[in-house]
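Inside the fold
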Amino acid sequence: MHDLIEAQNTIQFLKEHGISAKKRYGQNFLIDRRVLERIIEGADISENDVVLEIGPGIGTLTQALCKSAGRVIAVEIDRDMIPLLEENLADFDNYEIINDDVLRVDLEAVLKERGLEGRPIKVAANLPYYITTPIIMQLLESGIPAKSITVMVQKEVADRMQALPGTSDYGALSLAVQFYAEAKITAKVPPNSFIPRPGVDSAVITLNCYSEPPVSVKDEKHMFRLIKAAFAQRRKTLANALKNDSSLGLTREKVEAALDSLGLAADIRGERLSLAQFAQLSDIL
Ligand code: SAM
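Notes on the structure follow.

Reading guide: rules and limits
- Residues numbered from 1 in each chain as written.
- Predicted model: local features only at pLDDT ≥ 70, side-chain atom pairs only at ≥ 80, totals over all residues.
- Heavy atoms only, no water.
- Buried < 20%, exposed > 50% of the residue type's maximum accessible area, 1.4 Å probe, protein only.
- Helix = DSSP H or I, 4+ residues; strand = E, 2+ residues; numbered from the N terminus.
- Contact = heavy atoms within 4.5 Å.
- 1 Å grid on protein atoms, 1.4 Å probe; cavity = no way out; pocket = protein on both sides within 12 Å on 5 of 7 lines; lining within 4 Å.
- Points joined across faces, edges and corners; volume = space filled by probe spheres on them.
- Nonpolar A, V, L, I, M, F, W, Y, C, P; charged D, E, K, R; others polar.
- Phe/Tyr/Trp six-rings, centres within 6.5 Å; stacked < 30°, edge-to-face > 60°.
- Pairing = 2+ DSSP bridges.
- Near = heavy atom within 4 Å.
- Polar contact = N/O pair within 3.5 Å; in protein donor to acceptor, adjacent residues only side chain to side chain.
- Areas by Shrake-Rupley, 256 points an atom, 1.4 Å probe, with all protein chains shown as cover.
- Sits in = over half its atoms within 2 Å of the grid points.

**Focus on helix 7 (residues 155-162)**
The set of residues buried in helix 7 consists of Val157, Ala158, Asp159 and Met161. Where helix 7 is buried, its residues meet helix 6 (132-141), strand 6 (146-154), helix 8 (172-180), strand 7 (181-189) and strand 9 (202-209).

**Considering empty space enclosed by the protein**
If a probe the size of a water molecule is rolled over the atoms, the empty space left behind becomes visible. What the rule picks out here adds up to 3 cavities of 30 Å³ or more. Lining the largest cavity are Leu52, Ile73, Leu107, Val110, Leu111, Ile121 and Ile144. A per-element tally of the lining of the largest cavity places helix 5 (residues 107-113) first, with 3 residues. Among the residues forming the lining of the largest cavity, the class breakdown is 7 nonpolar, no polar and no charged.

**Notes on the packing of aromatic side chains**
Scanning the model with the defined rule gives 4 aromatic pairs in all. When the ring of Phe179 is compared with that of Tyr180, the centres are 5.2 Å apart and the planes differ by 90 degrees; the resulting orientation is edge-to-face. Look at Phe179 and Phe224: their rings are 5.4 Å apart centre to centre, the planes differ by 85 degrees, and that puts the pair in the edge-to-face class. Taken together, the residues span a long stretch of sequence, with Phe179 in helix 8 and Phe224 in helix 9 (residues 220-232) at a distance of 45 residues. A network of ring pairs unites the aromatic residues Tyr170, Phe231 and Phe278 as a single cluster.

**Some words on the pairing of strand 9**
Judged by how many residues are buried, strand 9 sits mostly within the fold: 6 of 8 residues are covered. Of the pairings in the sheet, the one linking strand 6 to strand 9 comprises 7 bridges and is antiparallel in character. By the bridge assignment for strand 9, Thr150 is matched with Thr206. For strand 7 and strand 9, the ladder comprises 8 bridges, and the chain directions are antiparallel. For Ala183, the partnering residue across the bridge sits in strand 9 and is Leu207.

**Structural notes on the site of the ligand**
The full set close to the ligand counts 23 residues, and Gly55, Glu76, Asp101, Asn126 and Tyr130 are the nearest of them. One of the side-chain N or O atoms of Gln27 is found 2.9 Å from an oxygen atom in the ligand. A distance of 2.8 Å separates a nitrogen atom of the ligand from a polar atom in the side chain of Tyr130. When the ligand is considered free in solution it has 590 Å² of accessible area, and contact with the protein chains removes 100% of it. Mapping the ligand onto the cavity grids shows that it belongs to the largest pocket. Across the shell around the ligand, the residue classes tally to 11 nonpolar, 7 polar and 5 charged.

Laid out in structure tokens, this is it:
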């Protein structure tokens, strides 16, 4: 078994097996020990933890997870990775690999079938960048009891998840993530931490999931429809953006009256509203 915590071993393993990364699966293999350690630290894993890993690849992060967690369930889409993973995990017996597309896997059912229903889990991953947002939203919305989600993502996406109102990065993703979790970037990662090098900078971000959302709202779905409409036309005033989404059935006057009752200007843009203000607006409308 190659100890992949050492970057040289990973590089050698990739060479020996003639592995060429598949672009269509967003394969960028981690070759940076310090970054690996930052993911493990951010995920704060102990032997009592069940960890879900998405996209284990050849098993670099998986080895580290198997060392510190009680149990690791890893979902990998690429069939060609499975024998390589098994080779690299030969010293461990606390893991399971599911060869499937994570977006098609019913994660709640996976936990239930293994007697882990309701058991808090932690998620750790170096995510494939082409589907980062759908995976994050799946994890947050799927109803799995995730305690925390520690992932490597494109730096720009990490910035959006952590962004506050009034900044250019603030948008629907920021609000969706912050409804479910407290987001904190713990490391910035340059392209040369991977083989092949991605064309963008990356970051490790931890989402510490709330047991209850930080704001109360009567109809979450309605609030997120407002948020989506607000940021679909972020240059427009909020009242115009909401009026223009015919599925909401709102007039500009109605939105302006609701904003007024919240003490907000009639010409305010959506990017100025906090999560709590979107929740209040949704309740009024
Ligand atoms: N964990 C490895 C590492 O850190 O070196 C590989 C990370 S690589 C950025 C992303 C991994 O996700 C690849 O192994 C890729 O095959 C896998 N992947 C891509 N799309 C996936 C999907 N829809 N479901 C599950 N795994 C996926």
